[in-house]
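Notes for the structure review
Next come the chains, spelled out residue by residue.
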Amino acid sequence: MRIAVIPGDGIGIDVTAEAVKVVRAVGRVFGRTFDLEMLPYGADYFLQTGISLPPNGYAMLRDQFDAIYIGALGDPRIPDMRHARDILLGTRFELDLYVNHRPVRLLDERLCPLKNRGPEDVDFVVFRENTEGVYVNVGGRFKAGTPDEIAVQEEINTFKGVHRIVKHAFEYAEANGLKKVLMADKSNAMTQGHALWQRVFAELSAQYGGVEASHMYIDALTMQMVKNPAQFEVIVTNNMFGDIITDLGAQLQGGLGMAASGNLHPGRTSMFEPVHGSAPKYAGKNVANPVGAILSAALMLDYLGLKQEAAAIEAAVKQSVVSKNGTAEIGGTLGTKETGDYVARLIERKDMKDRTDAEQTKN
Ligand code: IPM
Ligand code: MN
């Protein structure tokens, strides 16, 4: 399996090394060879060459790899984020990765900022539309910089775009034995664009009878995510609302460093990245929490059909978090590297134990 790895910038480089370490460990245990190709794109490369991605970059990623893994992008030396936009948003758009799959799963009660909420209360998935909305950058500035400036940023909602993301949410629920899909919009104020979300959601709800469909306005949803997150199983929403609520979701899991994501086009080369940014202040200091990065790698393997491998990583991460073998963000004293070592060792040790158990059963 060929995987393009773009460690990117800042702590992206630190956490990607650990995700790669864990993928290699799981590969050894399950007898799989992963061909991980490290690609240099990021702030340094851009500053040295003026190139964010080469001209054939998107086609190369799409045609030559089974998946793409990205650490994080962003660097204070490039204030307009040009390279990050090209690499991250560019790949989402050019590869038409219309599903942004962001699980919100609390691993340990200790880490939840809400009182008396445990892993059984915070366990849902957000599907964020990933190819349209306000992110298409349709609009313009007129008389920019003057007191008469007018700035327009249009939100694009297409039937095709809304339909495919909402459908994905229902199909995911069905395939995973989940019973509830909630759609969030702002159709009370955005009565044009979000009327389309209402229409599509009504049409698709009718087709998935086994799934309970409900709706909240996005502002009410943020309130309910804090008040009673246990009520959610699958949430589907637009690009910007999904961006915002998944940062809130990350905190429900214990911090931005915990959260994983996949940018998917089912059946095609897709891209995986932790939700957090490049946090230049912490770069290279061996302090960044690699959990979100490692869980993003698990999501990638799951997407590639390697369910057991993904589950083994998730179980090891959970055990490391619960036993506080991790960085300060999870209440531990380990560094980034030592956390990766710990998770990798757990996967390898678990394998030894399983083999010994199997041997004993045989005898
Ligand atoms: C995310 C990030 C990006 C987004 C930024 C870096 C453009 O916040 O992946 O959530 O808004 O999608
Ligand atoms: Mn975000």
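All figures in this text were calculated on a predicted structure; none of them were measured in a lab.

1. Some words on the overall build of the protein chain
If you tally the helices and strands in the protein chain, you get 11 helices and 12 strands. At 21 Å, the protein chain has a C-alpha radius of gyration in line with the 21 Å of a compact globule built from 363 residues. By its C-alpha atoms, the protein chain is 75 × 55 × 40 Å across when sized along the principal axes. A total of 363 residues make up the protein chain; the buried ones form 52% of that total. Residue pairs at least 24 apart in sequence account for 74% of intrachain contacts in the protein chain once pairs closer than 6 positions are excluded. Of the side chains in the protein chain, 39 bear a positive and 45 a negative charge, and the two mean positions are spaced by 3 Å.

2. Notes on the site of ligand 1
Inspection of the region around ligand 1 gives Arg92, Arg102, Arg128, Tyr135 and Asp243 as its neighbouring residues. Within the side chain of Arg92, a nitrogen or oxygen atom sits 2.7 Å from an oxygen atom of ligand 1. Between ligand 1 and Arg128 there is a distance of 2.7 Å, counted from an oxygen atom to a side-chain nitrogen or oxygen. Out of a free accessible area of 320 Å², ligand 1 has 72% covered by protein chains. Looking at the shell around ligand 1 residue by residue, the class counts come to one nonpolar, no polar and four charged.

3. Focus on the nonpolar core
Counting residues in each nonpolar core, the largest one holds 81 residues, and the members touching the most others are Ile3, Tyr69, Val166, Val181, Leu221, Ile313 and Val317. With nine residues, the top contributor of residues to this core is helix 9 (residues 291-303). Apart from residues no more than four positions distant in its own chain, Ile313 is found in contact with Val22, Val26, Ile294, Ala298, Leu301 and Ile347. Ala4, Met60, Leu61 and Ala84 belong to the second largest nonpolar core, which has 17 residues in total.

4. Regarding the pairing of strand 8 (residues 180-185)
In regular strands, side chains alternate between the two faces of the sheet. For strand 8, the buried fraction is high: five of the six residues fall into the buried class. Traced from strand 8 through helix 6 (residues 193-207) to strand 9 (residues 212-217), the parallel crossover comes out right-handed. Relative to strand 10 (residues 234-237), strand 8 runs parallel, the two being bridged by four bridges. In the strand pairing of strand 10, Ala184 is matched with Thr237.

5. Structural notes on the domain arrangement of the protein chain
One frequently used descriptor of interface size is the decrease in accessible area upon assembly of the parts. Split by domain assignment, the protein chain resolves into domain 1 (1-98 + 265-363) and domain 2 (99-257). Centre-to-centre separation of domain 1 and domain 2, based on C-alpha positions: 24 Å. Contact with domain 1, which involves 25 residues of that partner, is made by 26 residues of domain 2. Carbon and sulfur atoms make up 56% of the area that domain 1 and domain 2 hide from each other, which totals about 2100 Å².

6. Some words on the side chain of Thr131
Along the chain, Thr131 falls in the loop between strand 5 (123-129) and strand 6 (139-142). Looking at Thr131, the relative accessible area reads 10%, which means it is buried. Reaching out from Thr131, the side chain makes a polar contact with the side chain of Glu129 at a distance of 2.6 Å. A polar contact is formed between the side chain of Thr131 and the side chain of Arg164, at a distance of 3.2 Å. Leaving out residues up to four positions away in the same chain, Thr131 has contacts with Arg92, Phe93, Asp96, Leu97, Tyr98, Val136, Arg164 and Asn239.

7. Details of a nonpolar patch on the surface
A cluster of nonpolar side chains, Phe142, Ile150 and Val152, forms an exposed patch at the surface whose accessible area comes to about 280 Å². For Ile150, the location among the structural elements is in strand 7 (residues 150-153).

8. A closer look at the sheet that holds strand 1 (residues 2-8)
As summarised here, the arrangement of the 10 strands in space is 2-1-3-12-11-4-5-10-8-9, forming an open sheet in which the pairing is mixed. Of all strands in the sheet, those with a lone pairing partner are strand 2 (35-38) and strand 9, marking the two edges. When the angles between neighbouring strand axes are averaged without regard to direction, this sheet yields 20°. In this structure, strand 11 (residues 260-264) lies alongside strand 12 (residues 270-274), joined through four bridges in antiparallel fashion. The residue of strand 12 that forms the bridge with Ser261 is Glu273. Each of strand 1, strand 2 and strand 3 (67-72) is contacted by helix 1 (residues 11-30), which is oriented at about 155° to strand 1, the strand it contacts most. Contacts from helix 6 reach strand 5, strand 8, strand 9 and strand 10, with the element oriented near 165° to strand 8.

9. Describing helix 7 (residues 218-227)
Every buried residue belonging to helix 7 is among Ile218, Leu221, Gln224 and Met225, and all of these are buried. Buried residues of helix 7, viewed axially, fall in a sector of 110°; they line one side. Each element contacted by the buried residues of helix 7 is listed here: strand 5, strand 8, strand 9, strand 10 and helix 8 (239-252).

10. Focus on unusual backbone geometry
Unlike most non-glycine residues, Met81 shows phi in positive territory, near 60°. Relative to the elements of secondary structure, Met81 occurs in the loop between strand 3 and helix 4 (82-94). At Lys324, a position not held by glycine, the phi torsion is positive, near 60°. Inspection of the secondary structure puts Lys324 in the loop between helix 10 (307-322) and helix 11 (336-362).

Calculation criteria
- Residues numbered from 1 in each chain as written.
- Chains lettered and ligands numbered in written order.
- Predicted model: local features only at pLDDT ≥ 70, side-chain atom pairs only at ≥ 80, totals over all residues.
- Heavy atoms only, no water.
- Helix = DSSP H or I, 4+ residues; strand = E, 2+ residues; numbered from the N terminus.
- Rg over C-alpha atoms; globule rule 2.2 N^0.38 Å.
- Buried < 20%, exposed > 50% of the residue type's maximum accessible area, 1.4 Å probe, protein only.
- Contact = heavy atoms within 4.5 Å.
- Lys, Arg positive; Asp, Glu negative; His and termini not counted.
- Charge placed at Lys NZ, Arg CZ, Asp CG, Glu CD.
- Near = heavy atom within 4 Å.
- Polar contact = N/O pair within 3.5 Å; in protein donor to acceptor, adjacent residues only side chain to side chain.
- Areas by Shrake-Rupley, 256 points an atom, 1.4 Å probe, with all protein chains shown as cover.
- Nonpolar A, V, L, I, M, F, W, Y, C, P; charged D, E, K, R; others polar.
- Core = buried A, V, L, I, M, F, W, Y, C linked by side-chain atoms within 4.5 Å.
- Right-handed = clockwise from strand over helix to strand, strands pointing away.
- Pairing = 2+ DSSP bridges.
- Domains from an automatic or database assignment.
- Buried area = accessible area lost by both parts, 1.4 Å probe.
- Patch = residues over 30% accessible without salt bridge, like charges linked within 9 Å, V, L, I, M, F, W, Y side chains within 5 Å.
- Salt bridge = Lys/Arg side-chain N within 4 Å of Asp/Glu carboxyl O.
- Axes fitted to C-alpha atoms, helices over the stretch in contact; angles between N-to-C directions.
- Arc of directions from axis to C-beta.

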